[in-house]
Amino acid sequence: MSFHGSFLSDEQFQCSICLDVFTNPSSTPCGHSFCMGCISRYWDGLKVCQCPLCKKTFQKRPDLQINRTLREITEQFRSMKGGGGGGGLGREKRGGRGGGDGGIPDSLFDELKKKLPRPLLKAPMMLPCEAQGETISTSSDTFMTSLASSVPNDSPIAAMSHTCGPPPPPPPYTRSNGRRRFTVSGAASSQNLPICEIHHRGIMIYCRTDRECICPECEISDHQGHDTVPVEDEWMGIKDQLSVWEQEIQEMIRERIRKMEEIRMSVSEVEMAVERETAGSVCLFSMLVSAIERSQAELMEVMEMSRRAAEHQADAMIRQLELEVKELRRREGALSELAQSDDHMHCIKTFPILNSPPPAKDWSRVSVNSDLGTGTIYRSLAVQVEKFQQELKNIAETGFPALVLEPSPVRTLPSCFSAGVKSVQEYAMAVTLDSNTAHPRLIMSEDLKSVRCGDRHQLLPDNLERFDRVVCVLGREAISSGKHYWEVEVGGKTDWDLGVAKQTVNRKGKIDVTPSNGYWFLSLRDKNKYAFRTEPSTDVQVNLRPRKIGIFVDFKKGQVSFYNVDARIHIYTFNDTFSECIYPFFSPCTNKSGKNNEPLIITPVDMTW
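This structure is a prediction, so every number in the text was calculated from the model and none was measured.

Caption draft 1: Spotlight on the overall build of the protein. When helices and strands are tallied, the protein shows 13 helices and 26 strands. Burial status across the protein gives 38% buried among its 609 residues. In the protein, of all internal contacts separated by at least 6 residues, the share reaching a separation of at least 24 is 58%.

Given below as structure tokens:
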């Protein structure tokens, strides 16, 4: 007993408030222990309770209970030290360490205390002691070796080190957060098991009723009659269901991935529907607007003609009426003179002539024609509006044709497309690419009808005609007169330039591509930003993304026009003056790491639409 008591430190059983051995020890939720009376008096009168050691705050005052296990250990420690009373455990009260029970003499203990470092003396250890049937904790497996090396070989300590051997492995419960936890069987905190904050026992039981992990004392006090099993057994049962749950989760993941693909497809279908609806609605309402504008123009013309005819008719009538009024005024004057004459013979002879009816027209039923002649125009417009309403009704029931924008040889287009594109298609010409002008990164097809940008420069002769900075190529066909039209398929490219350029443009180094420098073309950037390279650039709002661009050139008028071929819509027209030959201009732009890798393709003009 004396040996054990010598290596258990007084500080381990000392209350940090009264600095004396524990009396009715109790533990706070944060794990520190104090005398029940000390901690109760410390908290009296405080609104917010706080641990005196770690300063952890408890909003609600903890309901403390006496730690009976720690109290028993403390009482045993008192008895081992020869104290038994409540005072301090100084050497004068404990007596000698040797005693009559075969313990270590005080002189030997003092000598060892000088030789060994104090942290080692204070360090808790685990030494087997068959005589006492209990253990003393330590944190180092080499404690006995260190102790034996510090004392003579014939000393009791050295003999004990050889007799007892190295310390055994730690018991199922060791330390928790740097403090020892005591159970009924002794020191009992585990490196693998969490500790119950209330009873300071290892949590090794699962309550199925309340679905929580508990310690044995929790089972006795709060979970009597509940369905409880060891935590390990519960985990093994759950583990058997993991594969089933894993398969169910994988199937749920697959379902959601399929749903994501379905949603993406739906978005693509919506985008196609928007394009189709946009093209159809533009054409449909353009037809109605054109019909109204044409009818309005006809109305203005007919009404103007009716007005002029009415004015002409009124002028003729007025001139005739003025002649009759003049004649009637002449007779009126003659009759007035006759009435004042004294020559009776003359009056008798003249009166019959003046009394005869004047050559006058009956104007009672004569009027200016007020019919404007617009009824025919209104009736014609009414017929067109009726057709529009019928077509609008059909579209509301069946929608627009599904193949309006599909890139296939056969397309079904609404009957409302304007004839603008149709009229310029009559000037279609065959266009091919001039390989002598192509930038070294450009890759062209064998028939010189398509071009795309490669990843690296090709070994090509650096002739004067070749562009060495701008990724572009010209067409072979020179335009110096007349009207010309060609079409280029742009597909789903994100960037491109199309138009015409002068023969004498600069082709080396940095180029300012503007009309003043001989370039007239439409540009696409970042998939949806359309602009014309003017000074400054002119942004263009294109509601329907074109898949094929039509370019029309009227050399005499100095016009370069661009059309959305699929939607039959005019996009923009340059007006300038051409003083020399111009050539078709093509730039697929860089491939943007594969995002813009599609080629520009010169396609035949389909006149059957």
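Having seen the model, we can carry on.
Caption draft 2: Layout of the pairing of strand β22 (residues 548–554). Counting buried positions along β22 yields seven of seven residues, so the element is predominantly enclosed. Here β22 shows two buried faces, one formed by Lys548, Gly550, Phe552 and Asp554 and the other by Ile549, Ile551 and Val553. Inspection of the sheet shows strand β17 (residues 483–489) paired to β22 by seven bridges, in the antiparallel sense. Of the residues in β22, the one forming a bridge with Lys483 is Asp554. Judged from the six bridges that link them, β22 and strand β23 (residues 559–564) form a sheet pairing that is antiparallel. Residue pairing in the sheet places Phe552 in a bridge with Ser561 of β23. Between β22 and the antiparallel strand that follows it, β23, lie four residues; Gly558 among them carries a positive phi value of about 70°.

Caption draft 3: Focus on unusual backbone geometry. Phi at Asn24 is positive, roughly 50°, even though this residue is not glycine. Relative to the helices and strands, Asn24 is located in the loop between α1 (2–7) and β1 (25–27). The class for Asn24 is partly exposed, based on a relative accessible area of 32%.

Caption draft 4: Looking closely at a nonpolar patch on the surface. On the surface, Trp235, Met236, Leu242, Val244 and Trp245 cluster together into a nonpolar patch covering about 470 Å² of accessible area. Position of Leu242 among the secondary structure elements: in helix α10 (residues 231–340).

Caption draft 5: Quick look at the sheet that holds β17. The strand order across the open sheet formed by seven strands is β14-β15-β26-β17-β22-β23-β24, and the pairing between neighbours is antiparallel. Two strands in the sheet have a free side with no partner beyond their single neighbour: β14 (442–444) and β24 (569–575). The mean angle between the axes of side-by-side strands here comes to 20°, regardless of whether they run parallel or antiparallel.

Caption draft 6: Region of the structure containing the pattern of salt bridges. This model, assessed by the stated rule, comprises 15 salt bridges. Between Glu304 and Arg307 there is a salt bridge whose closest N-O contact spans 2.4 Å. Pair noted here: Glu304 and Arg307 are both in helix α10, with a separation of three residues, about one helical turn. Exposure remark for Arg307: the relative accessible area of 38% places this residue in the partly exposed category. Taken together, the shared-partner salt bridges in this structure form one network comprising Glu304, Arg307, Arg308 and Glu311.

Caption draft 7: Summary view of the packing of aromatic side chains. Counted by the stated rule, this structure contains 15 aromatic pairs. Measuring from centroid to centroid gives 6.2 Å for Trp43 and Phe58, while their planes differ by 70°, and the two rings are edge-to-face. Taken as a pair, Trp43 in helix α2 (residues 36–43) and Phe58 in strand β4 (residues 57–58) lie far apart in primary sequence, 15 residues in all. Just as Trp43 is buried, Phe58 falls in that class too. Each ring, one from Phe555 and one from Phe578, has its centre 5.5 Å from the other, and the planes form 35°; the classification is tilted.

Caption draft 8: Representation of the packing of α10 against helix α11 (residues 344–355) in the model. Closest axis-to-axis distance for the α10/α11 pair is 11 Å, and the angle between their directions is 160°. In terms of orientation, α10 and α11 fall into the roughly antiparallel class. In this structure, α10 meets α11 at a crossing whose hand is left-handed. Counted together, Arg331, Ala334, Leu335 and Leu338 of α10 and His346, Cys347, Thr350, Phe351, Ile353 and Leu354 of α11 form the full contact between these two elements. Residue composition of the contact of α10 with α11, grouped by class: seven nonpolar, two polar and one charged.

Caption draft 9: Region of the structure containing the sheet that holds strand β12 (residues 212–214). Ordered in space as β12-β11-β13, the three strands form an open sheet in which the pairing is antiparallel. Looking along the sheet, the strands with just one partner apiece sit at the ends: β12 and β13 (228–230). If you compare each strand with its neighbour and ignore which way they point, the axes differ by 35° on average. One ladder, built from three bridges, connects strand β11 (residues 205–207) with β12; its direction is antiparallel. Of the residues in β12, the one forming a bridge with Cys207 is Glu212. Contacting β11, β12 and β13, α10 runs over the sheet at an angle of about 90° to β13.

Thresholds, definitions, all that
- Residues numbered from 1 in each chain as written.
- Predicted model: local features only at pLDDT ≥ 70, side-chain atom pairs only at ≥ 80, totals over all residues.
- Heavy atoms only, no water.
- Helix = DSSP H or I, 4+ residues; strand = E, 2+ residues; numbered from the N terminus.
- Buried < 20%, exposed > 50% of the residue type's maximum accessible area, 1.4 Å probe, protein only.
- Contact = heavy atoms within 4.5 Å.
- Pairing = 2+ DSSP bridges.
- Patch = residues over 30% accessible without salt bridge, like charges linked within 9 Å, V, L, I, M, F, W, Y side chains within 5 Å.
- Areas by Shrake-Rupley, 256 points an atom, 1.4 Å probe, with all protein chains shown as cover.
- Salt bridge = Lys/Arg side-chain N within 4 Å of Asp/Glu carboxyl O.
- Axes fitted to C-alpha atoms, helices over the stretch in contact; angles between N-to-C directions.
- Phe/Tyr/Trp six-rings, centres within 6.5 Å; stacked < 30°, edge-to-face > 60°.
- Parallel < 35°, antiparallel > 145°, perpendicular 65-115°, else oblique.
- Left-handed = near helix turned anticlockwise from the far one by under 90°.
- Nonpolar A, V, L, I, M, F, W, Y, C, P; charged D, E, K, R; others polar.

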